[in-house]
Amino acid sequence: MPNIRKVGVLTSGGDAPGMNAAVRAVVRGCLYHGIEVVGIRRGYKGMIAGDFIPMSTKDVANIIQRGGTILGTARSMEFKTEEGRKKAYNALQNEGIDACVVIGGDGSFTGAGIFSKEYDIPFIGIPGTIDNDLYGTDYTIGYDTALNTVVEAVDRIRDTASSHERLFFIEVMGRGAGFIALHSGIATGAEAMLIPEIDHQEEGLHAYLKRQDKKSNIILVAEGCKMGGAAEIAERVKEDFKDHDVRVNVLGHMQRGGSPSAFDRFLASRLGVAAVDALLDNQRSIMVGFVNHDIVHVPFNKTIKFNRNLNRILLEVADILSY
Ligand code: F6P
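In this text the structure is predicted, and so the values were computed from the model without any measurement.

Trainee: Help me understand the side chain of Ser 322, please; the structure alone is not making it clear to me.
Mentor: Structurally, the position occupied by Ser 322 is in the segment after α11 (313-321). In terms of polar contacts, Ser 322 uses its side chain to reach the backbone carbonyl oxygen of Glu 191, at 3.3 Å. Apart from residues lying up to four places away in sequence, Ser 322 is in contact with Ala 190, Glu 191 and Tyr 208.

Put into structure tokens, the structure is as follows:
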């Protein structure tokens, strides 16, 4: 068994519902094994500044149901520099932290991977992002909750779309990935989903709008769509379809907030415990993932290097369902 006496846990990058449940599981997992645990506030920024708080089992009581992250989070430019990482190492040394668990997305794992090559401090990653875009896990913490939030919002907009016979372009999150758009589109019966992974979707959209005569339609646009944002696409469509009453809605950060779903709480709890187990197993520079309802270990360099592919069958399913 490795000699780990104190673990630091941090949340990093964009917040995601379920991060608190993961912090709770890491804290309680460590304490169960007799390991001290400290919370690192504000992600790598707090690590550099030595912003640490001791965590007891009580400190993580009543947080499993809370959105956001009690530790705070940030994207740190300084941690991308050698000097920043040196400061972080010194702060960890001063606090006597032997290992870290980072809950975040690919940017957070990139930083962790570089750091643990430079310094002898093992890092374990837990996938936490609403985008579900990490290679090596079927689900990331926060994705399921965000999907449900989007579904609820789109259902509401659908009421107005049908009552007024309007064509709505609804922009959802997903800087580089269409998981939220595609899956919530299928779940809400959206007429089309425009996503970053697919090129030349505008022709298909125009053909679709020409071929059917109903005026009430919902088009979901992933934020990273190559054709532009919902507003830009809507402007172009307005030009060609003057008889359509077009509206745009950007859901924005409401997708990141709120109480985590049952699935996200469960996933975060399992992954948090698995992260501590991985440390006790002498693992380092790996993400704990969830594949076919089981825990897997994926090296950081794979989670960063490989793109998480969309299941192409779902594109066909979406086409069939909007026929
Ligand atoms: O958490 C990932 C994500 O939701 C992306 O889809 C989005 O582009 C980004 O965060 C926006 O984050 P922020 O507003 O915090 O920069």
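Still to come is the rest of the account.
Trainee: I'm lost on the packing of aromatic side chains in this one. Help?
Mentor: The description of an aromatic ring pair uses the distance of the two centres, along with the angle that the planes make with each other. On inspection of all chains with the given rule, the structure shows eight aromatic pairs. For the ring pair Tyr 89 and Tyr 119, a centre distance of 4.3 Å and an interplane angle of 10 degrees mean the geometry is stacked. Residue Tyr 89 is found in helix α3 (residues 82-95), and its partner Tyr 119 is found in the loop between α4 (106-118) and β5 (123-127); the two are separated by 30 residues along the sequence. Each member of the pair Tyr 89 and Tyr 119 is classed as buried. Ring geometry for Phe 115 against Tyr 119: centres 5.1 Å apart, planes inclined by 45 degrees, an arrangement best described as tilted. Residue class for Phe 115 comes out buried when judged on its relative accessible area of 0%.

Trainee: Sorry, what's going on with the site of the ligand here?
Mentor: Surrounding the ligand, one finds Arg 75, Ile 130, Asp 131, Met 173, Gly 174, Arg 175, Glu 223, His 253 and Arg 256. For the ligand, an oxygen atom lies 2.6 Å from a polar atom in the side chain of His 253. Contact with the protein chains covers 79% of the free accessible surface of the ligand, which is 400 Å². Given that more than half its atoms are within 2 Å of the pocket grid, the ligand belongs to the largest pocket. The class makeup of the residues in the shell around the ligand is two nonpolar, two polar and five charged. Residue assignment places the shell around the ligand across two domains, with domain 1 (6-142 + 260-305) and domain 2 (144-256) each supplying three or more.

Trainee: For this particular structure, what's the right way to read the sheet that holds strand β7 (residues 192-194)?
Mentor: Across a sheet, paired strands are connected by hydrogen bonds in the backbone, their directions being either parallel or antiparallel. Taken in spatial order, the four strands of this open sheet run β7-β8-β6-β9, and their pairing is parallel. Because the sheet does not close on itself, it has two edges, and the strands there are β7 and β9 (245-250). In this sheet, adjacent strand axes meet at a mean angle of 20 degrees when their direction is disregarded. Bridging between β7 and strand β8 (residues 217-222) involves three bridges; their strand directions are parallel. From the neighbouring strand, Leu 194 faces β8, where its bridge partner is Val 221. Each of β6 (166-172), β7 and β8 is contacted by helix α6 (residues 179-188), which is oriented at about 160 degrees to β8, the strand it contacts most.

Trainee: Explanation requested: helix α7 (residues 201-211) in the structure shown.
Mentor: In an α-helix there are 3.6 residues to a turn, and that puts residues three or four apart on one side. Those residues of α7 that fall on the buried side of the exposure criterion are Gln 201, Glu 202, Leu 205, His 206, Tyr 208 and Leu 209. Projected down its long axis, α7 carries its buried residues within an arc of 160 degrees, all on one side. Opposite the buried face of α7, by more than 90 degrees, sit the exposed residues Glu 203, Lys 210 and Arg 211. Packing partners of the buried residues in α7 comprise β6, β7, β8 and α8 (230-240).

Trainee: I tried to follow the domain arrangement of the chain on my own but got confused; where do I start?
Mentor: By a frequent convention, interface size equals the accessible area lost on bringing the separate parts together. For the chain, the assigned domains read domain 1 (6-142 + 260-305) and domain 2 (144-256). Taken residue by residue, the interface counts 14 residues in domain 1 and twelve residues in domain 2. When the buried surface of domain 1 facing domain 2 is broken down by residue, Asp 15, Ile 130 and Asp 131 rank first, second and third, together holding 45% of it. For Asp 15, the salt bridge goes to Arg 256, with nearest N and O atoms at 2.8 Å. Residue composition of the side of domain 1 that touches domain 2, grouped by class: five nonpolar, four polar and five charged.

The rules behind these values
Sequence order as written defines the numbering, with residues in each chain counted from 1. Under the rules for a predicted model, residues below a pLDDT of 70 receive no local features and side-chain atom pairs below 80 are neither given nor counted, while totals for whole chains, interfaces and linings still include all residues. Water and hydrogen atoms were dropped before computing side-chain values, which therefore reflect all heavy atoms in the structure. Numbered from the N terminus, helices here are DSSP runs of H or I no shorter than four residues, and strands are runs of E no shorter than two. Here a polar contact is taken to be a pair of N or O atoms separated by no more than 3.5 Å, where protein atoms must pair a possible hydrogen donor with a possible acceptor and residues adjacent in sequence count only if both atoms sit in side chains. By definition, residues are in contact when any of their heavy atoms lie within 4.5 Å. Only Phe, Tyr and Trp rings are paired, with Trp represented by its six-membered ring, and only when their centres lie within 6.5 Å; those with planes under 30 degrees apart are stacked, over 60 edge-to-face, the remainder tilted. Throughout, exposure labels follow a simple rule: accessible area from a 1.4 Å probe, protein chains only, divided by the maximum for the residue type, with under 20% read as buried, over 50% as exposed, and the rest as partly exposed. When at least one non-hydrogen atom of a residue lies within 4 Å of a molecule or strand, that residue is treated as near it. The Shrake-Rupley method, run with a 1.4 Å probe sphere, supplies the accessible areas, and residue values consider only the shown protein chains as cover. Method remark: on a 1 Å grid restricted to protein atoms, a set of points is classed as a cavity if a 1.4 Å probe fits but cannot get out and as a pocket if it is open with protein on both sides within 12 Å along at least five of seven lines; lining residues have an atom within 4 Å of a point. Assignment of a molecule to a cavity or pocket requires that more than half of its atoms lie within 2 Å of the corresponding grid points. Asp, Glu, Lys and Arg are counted as charged, while Ala, Val, Leu, Ile, Met, Phe, Trp, Tyr, Cys and Pro are counted as nonpolar; the rest, among them Gly, fall into the polar class. Segment limits for the domains were obtained from an automatic or database-derived domain assignment. Any two strands with at least two DSSP bridges between them are considered paired. In this description, a line fitted to the C-alpha atoms serves as the axis of each element, helices being fitted only across the stretch in contact, and the angle between N-to-C directions of two axes falls anywhere from 0 to 180 degrees. Note: the arc covers the axis-to-C-beta directions of the helix. Simply put, the buried area is the total loss of 1.4 Å probe accessible area from both parts when two parts are fitted together. Here a salt bridge means any side-chain nitrogen of Lys or Arg lying within 4 Å of a carboxyl oxygen belonging to Asp or Glu.

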